[in-house]
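This is what each chain is made of:
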Amino acid sequence: MLRRGIGAAAVALACALPASASAQLTTTSSSDLTPRVKEYVGTSVALNATTRLRVILPTGYAENPTRRYPVLYLLHGAFDDYRSWVDKGAAENASEPYQMIVVMPDGGQFGWYANHVNNGPRWESFHIGELIPWVDATFRTKPQRSERAIAGLSMGGHGTAAYSGRHPDLFAAAEAFSGVVNPLALGPGENVFGPKTPANIARWEGSDGTYLIPNYRTYAHFGLRTGNGQPGPFDSPTRPVDGLEAALHGQNTIMHNRLTAAGIPHVWEEGPGTHTWPYWERGLRRALPEFQRIFDGVVPTPAQVNFRLPDNTINAWGWTIAFDAARQLAWTTLSSADATGFTLTGTGAATVTTPPLFPAGKAYKAAGVTVTAGPDGRLTIPVDLGAGSAAQVFIGALSNDFPGTVGGTVPATLSLTLGAPATFGAFTPGVEREYTASTIATVTSTAGDAALSVSDPGHLTNGAFSLPQPLRVETAKRAWTAPVSGDAVTVTFKQLIGAGDALRTGTYSKTLTFAVHDEPVK
């Protein structure tokens, strides 16, 4: 049989040492508060400050050194901090029956889980861009969207609605407890998002759950739990009405009604209750089994991407839409996006970069111009929306690699796509440790048998310097004996750092080539 490497892709591994310029959370100390609860102190580039967090490990984490776990990000409210869910919300006890890691970062007493205007703290950049990669590099996580959930109370409920709506490609499940889901009505001050003027109102809307409704459609589980301010089962019956909880009940009702109108399934829990910890603890205890159910199941990836934000740089599901940074913020919608094209609605001149869906070097026609896939398999397409329009862009290959005939013939197909780039995080000099990272290889084959291969891993290099220990690559599956479509295979990278290994400041990296062949690798 002729051996063909039709499906091929490359993945780059990188690891930055603490002294490098990598924007990353760097921990400086840690302590064990209980056998399951760990506390960390570190420095954040996005915050330009010291920050703290707590992590609850699942029962049996230390005893099962090869097992990997899903992660719940649990956000605190205003006037509280990273300690609150353990100290006030019984999070350690509530999570004990479930096999997941619970991460409780600090969000500032009035940080509002947002990047502040006027060079203020960049909480969203910290939590999304630094914390999640640090967690995946530090603990044995399952670093996929299907294995992440997010939840929070009050201000943390705002963070839940904002992060889940702005980053639906990172989380599969989300719940807000007494959440400030409509900050335009009641929430942060103008020090966070700036003035509520026509020229700036989109900045507020872009972190407001009631405006992000279409982005929640891909969630396997979404929930809103809120009291109505009336005394509930954990209150004295003579307690006055809680005006704050009543106001938030109104916000959550608006969001519930909009989710319902959009046909988006979700949990809606309302009733007597106040803005107090007993109700948030109850909400967490009710949400945890829902999250575990999602983690134990299968979460599909949407075949087409539909997403909207008012930012000037938008990243979601591997697509990037970039406008001039000086453009007045305005809503942009990406619809029906896949390898055949997309529709972009909004204003201004945009540059759209696709996910790595195309063979490197192949030419395509899109938006009236010829574009060529880069080495990473992405197309960069200019789209000018002018003062406001919808542009339908078709992506057509200038040549066809797999000609077929009418009548339903299945062309020979071997394809391979790789997930997000794997990273080991920061190597610690002088400490022997085996670092692990992973990504997902998705294989489609119409052959009777197929095999996945990888080039010689060799050693990670940093300029002229190489790590003494070789890089190891392990795949959960290497061969198929029947046609397969979209089979997700976990690829694990392992790097041993010895206590005596000399490490050079900077970034160690290695590009590996993966290929799918239509016969088993010899």
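For every chain, the first residue of the written sequence is number 1, and numbering continues from 1 onward in sequence order. Where local features are concerned, this predicted model is filtered to residues with pLDDT of at least 70; where side-chain atom pairs are given and counted, the filter is 80 or more; whole-chain, interface and lining totals use all residues. Note that water and hydrogens are dropped before the side-chain values are worked out from all heavy atoms of the structure.

**Notes on the pattern of salt bridges**
The term salt bridge refers to a pairing of a side-chain nitrogen on Lys or Arg with a carboxyl oxygen on Asp or Glu at a separation within 4 Å. One pass over the structure, following the stated rule, counts 19 salt bridges. Taking the shortest distance from any N to any O, the salt bridge between Arg472 and Glu474 comes out at 3.7 Å. Measuring nitrogen to oxygen at the nearest pair gives 3.5 Å for the salt bridge that ties Asp487 to Lys477. Taken as a pair, Asp487 in strand E29 (residues 484-497) and Lys477 in the loop between strand E27 (471-475) and strand E28 (479-480) lie far apart in primary sequence, 10 residues in all. Helix and strand labels come from DSSP, where a helix needs a run of H or I of at least four residues and a strand needs a run of E of at least two; each type is numbered from the N terminus.

**Side note on the sheet that holds E29**
The pairing criterion is simple: DSSP has to find at least two bridges between the two strands. A sheet is described by the order of its strands in space; here 4 strands give the open sequence E22-E23-E29-E27, paired in antiparallel fashion. In this open sheet, the two strands that pair with only one neighbour each are strand E22 (414-418) and E27. When the angles between neighbouring strand axes are averaged without regard to direction, this sheet yields 25°. Relative to E29, strand E23 (residues 433-445) is paired through 12 bridges, and the arrangement is antiparallel. Of the residues in E29, the one forming a bridge with Tyr435 is Gln495. Axis definition: a line fitted to C-alpha atoms, limited for helices to the stretch in contact. Angles are taken between N-to-C directions and run from 0 to 180 degrees.

**Looking at the pairing of strand E16 (residues 349-353)**
Inspection of the sheet shows strand E13 (residues 319-322) paired to E16 by 3 bridges, in the antiparallel sense. Across the sheet, the residue bridging to Ile321 is Val352, located in E16. In this structure, E16 lies alongside strand E19 (residues 380-384), joined through 5 bridges in antiparallel fashion. Following the sheet pairing, Val352 is matched in E19 by Ile381.

**Some details on the sheet that holds strand E11 (residues 305-309)**
Ordered by their spatial adjacency, 4 strands build an open sheet running E11-E14-E15-E20, and the pairing between neighbours is antiparallel. The strands lining the two open edges of the sheet, one partner per strand, are E11 and strand E20 (389-394). Within this sheet the neighbouring strands show an average axis-to-axis angle of 10°, counted without direction. Strand direction decides the pairing type here: strand E14 (residues 332-338) and strand E15 (residues 341-346), joined by 4 bridges, are antiparallel. Bridging from a neighbouring strand, Asp338 pairs with Gly341 of E15.

**Topic: the nonpolar core**
Throughout this description, the term nonpolar core refers to a set of buried Ala, Val, Leu, Ile, Met, Phe, Trp, Tyr and Cys residues connected via side-chain atoms within 4.5 Å. Buried means the residue's accessible area, taken with a 1.4 Å probe over protein chains only, is under 20% of the maximum for its type, while exposed means over 50%, and partly exposed covers the values in between. Grouped together as the largest cluster of nonpolar side chains are 77 residues, with contacts concentrated most on Tyr216 and Phe342. With 7 residues, the single largest contributor to this core is helix H3 (residues 123-138). With 28 residues, the next largest nonpolar core counts Phe427, Ala441, Val443 and Phe493 among its residues.

**Examining the confidence of the model for the protein**
Detailed reading of the predicted coordinates is not advisable wherever pLDDT is low. Residue-level confidence of the predictor is summarised by pLDDT, bounded by 0 at the bottom and 100 at the top. When pLDDT is averaged along the protein, the result is 91, and 93% of the positions lie at 70 or above. Any two residues whose heavy atoms approach within 4.5 Å are treated as being in contact. Residue range residues 1-22 is modelled with pLDDT below 50. Its contacts to residues more than four positions away, or to other chains, number 87 contacts. Across residues 401-405 the pLDDT falls below 50, and counting only partners more than four positions away or on other chains, this stretch makes 4 contacts in the model.

**Re the packing of aromatic side chains**
Note on aromatic pairs: the rings of Phe, Tyr and Trp (six-membered ring only in Trp) are paired at centre separations within 6.5 Å, and the planes decide the class, stacked below 30 degrees, edge-to-face beyond 60, tilted for the rest. Considering all chains together, one arrives at 20 aromatic pairs under this definition. Aromatic pair Trp85 and Phe177: ring centres 6.2 Å apart, planes at 70°, arrangement edge-to-face. Within this pair, whereas Trp85 is found in helix H1 (residues 84-87), its partner Phe177 is found in strand E8 (residues 173-177), the two being separated by 92 residues in sequence. Of the residues examined, Phe177 reaches a relative accessible area of 1% and is grouped as buried. Here Phe427 and Tyr435 contribute two aromatic rings whose centre-to-centre distance is 4.8 Å and whose plane-to-plane angle is 65°, an arrangement assigned as edge-to-face. Residue Phe427 shares its accessibility class with Tyr435, and that shared class is buried. The rings of Trp85, Phe177, Trp277 and Trp280 are connected pair by pair, giving a single aromatic cluster. A ring is considered to have a charge above it if a Lys NZ or an Arg CZ atom is located within 6 Å of its centre and within 35 degrees of its normal. Directly above the ring of Tyr61 sits Arg140, whose terminal nitrogen or CZ lies 4.0 Å from the centroid.

**Things to note about helix H8 (residues 277-296)**
Compared with the 28 Å implied by 1.5 Å per residue over 20 residues, the 29 Å span of H8 between its first and last C-alpha is a close match. Within H8, the full set of buried residues consists of Trp277, Tyr279, Trp280, Gly283, Leu284, Ala287, Leu288, Phe291, Gln292, Ile294 and Phe295. Summarising the contacts, the buried residues of H8 are in contact with strand E5 (71-75), H1, helix H2 (91-95), strand E7 (148-153), E8 and strand E9 (221-227). Helix span, as expected, comes to 1.5 Å for every residue beyond the first.

**Details of the environment of Asp501**
The residue Asp501 is located in the loop between E29 and strand E30 (507-517) in this model. Given the relative accessible area of 14%, Asp501 is considered buried. It is 19 Å that separates the C-alpha atoms of Asp501 and Thr423, two residues lying 78 residues apart in sequence. Residues in contact with Asp501, not counting those within four places in the same chain, are Pro468, Gln469 and Leu496. Each polar contact in these results corresponds to two N or O atoms within 3.5 Å; when the atoms are within protein, one needs to be able to donate a hydrogen and the other to accept it, and residues that are neighboring in sequence are counted only if both atoms are side-chain atoms. Among the polar contacts listed, one links the side chain of Asp501 to the backbone nitrogen of Gly498, at a separation of 2.7 Å.

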